[in-house]
Structures are given as structure tokens and as C-alpha cells.
Amino acid sequence: MPTIESRTAGDRLTRIARGEVVSTTIHPELAHEEAVLDVQGFNLWYGETQAIFDVSMSIPQGKVTALIGPSGCGKSTLLRSVNRMNDLIETVSISGDMKLGPDSIYGKSVDVIELRRRMGMVFQKSNPFPMSIRENVVYALKINGERNRAVLDEVCEKALRGAALWDEVKDRLDESGLSMSGGQQQRLCIARAIAAEPEVLLMDEPCSALDPIATSRVEELILRLRGDYTVLMVTHNMQQASRVSDFTAFMYLGQVVEYGPTARLFTNPLLKETEDYITGRFG
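Residues numbered from 1 in each chain as written. Predicted model: local features only at pLDDT ≥ 70, side-chain atom pairs only at ≥ 80, totals over all residues. Heavy atoms only, no water.

**Considering the overall build of the protein chain**
Phase 1: A count of helices and strands for the protein chain gives 12 helices and 11 strands.
Phase 2: When the backbone C-alpha atoms are referred to their principal axes, the protein chain occupies close to 60 × 45 × 35 Å.
Phase 3: Residues classed as buried in the protein chain amount to 51% of the 283 residues present.
Phase 4: A fraction of 70% describes how many contacts in the protein chain between residues 6 or more apart in sequence connect residues 24 or more apart.
Phase 5: Taken as a whole, the protein chain presents about 12900 Å² of accessible surface, with 49% of it coming from carbon and sulfur.
Phase 6: Once the 31 positive and 38 negative side-chain charges of the protein chain are each reduced to a mean point, those two points are 2 Å apart. (Helix = DSSP H or I, 4+ residues; strand = E, 2+ residues; numbered from the N terminus. Buried < 20%, exposed > 50% of the residue type's maximum accessible area, 1.4 Å probe, protein only. Contact = heavy atoms within 4.5 Å. Areas by Shrake-Rupley, 256 points an atom, 1.4 Å probe, with all protein chains shown as cover. Lys, Arg positive; Asp, Glu negative; His and termini not counted. Charge placed at Lys NZ, Arg CZ, Asp CG, Glu CD.)

Following this line, the structure appears as C-alpha cells:
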């Protein structure tokens, strides 16, 4: 059984706070997983301020991977780098690369619009479009030119079933998505994201604006999506990460400190710093 590294608590985090780049402690179980997304020596700057430092990690296919860490540690920045949403910020520059399957995400010839079609994105606050429930779900297909009503109806039902929403809305598909409750709206956004059969589903704190009951429904949904989809999610809620994820990465000040199976990370981490954060003695 691995034991916690015997450094004094906080030493590695102190070094990171001083500006040192420390190597990520990656559990050996990751080596046995087939990766769908591979982050390779990735760095990101906002102007002259560096926000992500030399991150290298692989995201296993068909599993749920959670990014945890204190506020401002770079979790959402790293997540939004996967589908190049940070490109929209003029001052951003990067080095290193990410790969989706065999394809570079940051290669010069990459079609960013096509890249984003290969990923679904669910934001912190639900953002249904001001159109019907049906039109929300099939939006991506329609802008890609699909006009066959039978195909659209089939995809709509499949996605809503996948989002555990079909039984609640099957008789009101022509009503506005904005008429739904907050939890239903977030599940509608998940249905919209999975309708296009993404290779990776990105979730940026998908439950932070929801009440406990709606949060429970979304967590149940994430568990159902495991296997059919690869999910990379940011959460500030460590209990949520422990409930729904297969793998967890602990981030601090733009660096991935430790990355491994969630059960191992939460009960027997390799680093004292990770244990201190998870048990509330730090952060």
C-alpha cells in the first residue's frame, strides 16, 4: 500500500507559492487507462501573468474526472483551455499542447469550430436558448444542416432520455426552455450538449447554482453518463467529486499537485499536502 510522502505538510505548496514548478504526483493506475484527452506540458498566461504551469495529464475514456482545489487555482482556466474558450480573451497566450485522440487541439491548422463540435460544454449557470425545449436540444444538429424531422425527433428523445428529462417534458416539447425550473434547465443544457454525441463532455461547476435536490438529480445524471461519455468537470465541492468521479486531480496555484483514482485520493493520498486539503487542514 502506498504511504503518504513524509515531507512536512505544506512544503510542496509553499514551493509552488514561491513560483517553483513541482512535478505532478500521478498514481500508477492512470497508466492502465485509455486516454481520450492528453494534456502535454501546458502553460497559459494572461498577459504577463502565468495562470497554468506545465500541466501534463491524461483524461481516461468513458470515465468522470474531477478537478478540485481552492478558488482561483486554475481549474476553470484549464477546463476552458480544452475547447479553446480562452482564445476569446485577447491577452491569453499558451505553450505546450493538448490532444483529443490523435489530433492536436492547438495546432496551427486546427478548425476551432469543428473542434468545439467534438466537445460538449455545460456551464456554471444554466443557459438554455430562448426557444422551445425541442429546439434547444437539436440546435447543434440544425446549425450543422440536419433538416430531417424524424432524425431530429429521434435525437431529441434520445438526448432527453440520456439527461433523465424525457418523462418530465415529453408532453411540453414546444414550450420555452426558459419556463423550466433551474435544475431542469441545467439538465436541458446537458441534453443539448450530448445530442451531438461529443467525445468529451466538459462541465464547469454544473451544480453551483442549484439547490440540493436539483444538485442530486444532476449528480445522478453524471453517474448515468459514465461509460457512454468522457466527462471532465470542475467542482468546488469535494464531496461531490468523491460521489461522482472516477479520478480526481488536486490543483493549487495553476499546477496539478496530485492526480489519481478518486477513492484512493480521498482515503489514501500519496502526498500530505493533498490529505491536508481534503481534510480541511489547508485551503
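Resuming the write-up.
**Considerations on the packing of aromatic side chains**
Phase 1: Inspection of every chain in the model, using the stated rule, returns 3 aromatic pairs.
Phase 2: An angle of 45° between the planes, with centres 5.5 Å apart, marks the rings of Phe 42 and Tyr 106 as tilted. With a gap of 64 residues between them, Phe 42 in strand 2 (residues 35-46) and Tyr 106 in the loop between strand 6 (103-104) and helix 3 (112-117) connect regions that are remote in the sequence.
Phase 3: Looking at Phe 42, the relative accessible area reads 0%, which means it is buried.
Phase 4: Over the ring of Phe 129 we find Arg 192; its NZ or CZ atom is 4.0 Å from the centre of that ring. (Phe/Tyr/Trp six-rings, centres within 6.5 Å; stacked < 30°, edge-to-face > 60°. Lys NZ or Arg CZ within 6 Å of the ring centre and 35° of its normal.)

**A short note on the sheet that holds strand 11 (residues 255-261)**
Phase 1: Reading across from one edge, 1-11-10-4-9-8-7 is the order of the 7 strands in this open sheet, with mixed pairing throughout. The two strands at the open ends of the sheet, each matched to only one other strand, are strand 1 (25-26) and strand 7 (119-122).
Phase 2: Pairing of strand 10 (residues 247-252) with strand 11 involves 6 bridges; the strand directions are antiparallel. Counterpart to Met 251 in the pairing with strand 11 is Val 256.
Phase 3: Seen against the sheet, helix 2 (residues 75-82) touches strand 4 (64-68), strand 7, strand 8 (200-204), strand 9 (230-234) and strand 10 and runs at an angle of roughly 150° to strand 8. (Pairing = 2+ DSSP bridges. Axes fitted to C-alpha atoms, helices over the stretch in contact; angles between N-to-C directions.)

**What about the environment of Val 92?**
Phase 1: Looking at the secondary structure, you find Val 92 in strand 5 (residues 92-100).
Phase 2: Owing to a relative accessible area of 18%, Val 92 belongs among the buried residues under this scheme.
Phase 3: Separated by 10 residues in the primary sequence, Val 92 and Val 82 have C-alpha atoms spaced 14 Å apart.
Phase 4: Every residue in contact with Val 92, bar those within four places of it in the chain, is listed here: Leu 44, Trp 45, Tyr 46 and Asn 86.

**Side note on the confidence of the model for the protein chain**
Phase 1: Mean pLDDT for the protein chain: 92, with 96% of residues reaching 70 or above.
Phase 2: A low-confidence stretch, residues 1-9 stays under pLDDT 50, and its non-local contacts, those more than four residues away or across chains, total 21 contacts. (pLDDT = per-residue confidence, 0-100.)

**With respect to the pattern of salt bridges**
A side chain of one charge can pair with a side chain of the opposite charge when the charged atoms of the two come close.
Phase 1: Evaluated as defined, the whole model comprises 22 salt bridges.
Phase 2: Arg 187 is paired through a salt bridge with Glu 168; the nearest N and O atoms lie 2.9 Å apart. Placement of the pair is Arg 187 in helix 8 (residues 182-194) and Glu 168 in helix 7 (residues 166-169), with a sequence separation of 19 residues. (Salt bridge = Lys/Arg side-chain N within 4 Å of Asp/Glu carboxyl O.)

**Observations concerning the sheet that holds strand 3 (residues 49-60)**
Phase 1: Across the sheet, 4 strands lie side by side as 3-2-5-6; this open sheet has antiparallel pairing. Every other strand in the sheet has two partners, leaving strand 3 and strand 6 as the edge strands with one partner each.
Phase 2: Along the sheet face, helix 2 touches strand 2, strand 3 and strand 5 and points at about 120° away from the line of strand 2.

**Topic: the side chain of Asn 136**
Phase 1: Positionally, Asn 136 belongs in helix 4 (residues 133-137).
Phase 2: By relative accessible area, which is 0% here, Asn 136 ends up buried.
Phase 3: Among the polar contacts made by the side chain of Asn 136, one reaches the main-chain amide nitrogen of Phe 129 at a distance of 2.7 Å.
Phase 4: If near-sequence neighbours (up to four positions away) are discounted, Asn 136 is found in contact with Pro 128, Phe 129, Met 131, Gly 177, Leu 188 and Arg 192. (Polar contact = N/O pair within 3.5 Å; in protein donor to acceptor, adjacent residues only side chain to side chain.)

**Observations concerning helix 6 (residues 149-162)**
Phase 1: The first and last C-alpha atoms of helix 6 sit 20 Å apart over 14 residues, in line with the 20 Å expected at 1.5 Å per residue.
Phase 2: Leu 152, Val 155, Cys 156, Ala 159 and Leu 160 are the residues of helix 6 that are buried. The buried residues of helix 6 occupy an angular sector of 125° when the element is viewed end-on, so they sit on one face. Set apart from the buried face of helix 6 by more than 90 degrees, the exposed residues are Ala 150, Glu 154 and Lys 158.
Phase 3: Looking at the buried positions of helix 6, the neighbouring elements they touch are helix 4, helix 5 (139-143), helix 7 and helix 8.
Phase 4: The N-cap of helix 6, judged by a side-chain oxygen 2.9 Å from the amide nitrogen of Ala 150 a few residues on, is Asn 148.
Phase 5: In the segment just after helix 6, Ala 164 is the residue with positive phi, at about 55°. (Expected span 1.5 Å × (residues − 1). Arc of directions from axis to C-beta.)

**Here's the deal with the packing of helix 6 against helix 8**
Phase 1: Where helix 6 meets helix 8, the closest approach of the two axes is 8 Å, and the angle between their N-to-C directions is 130°. Regarding the angle of helix 6 to helix 8, the classification is oblique. Considering how the two elements wind past one another, helix 6 and helix 8 form a crossing that is right-handed. Residues Ala 159, Leu 160 and Gly 162 of helix 6 touch helix 8, and the partners they reach there are Leu 188, Ala 191 and Ile 194. (Parallel < 35°, antiparallel > 145°, perpendicular 65-115°, else oblique. Left-handed = near helix turned anticlockwise from the far one by under 90°.)

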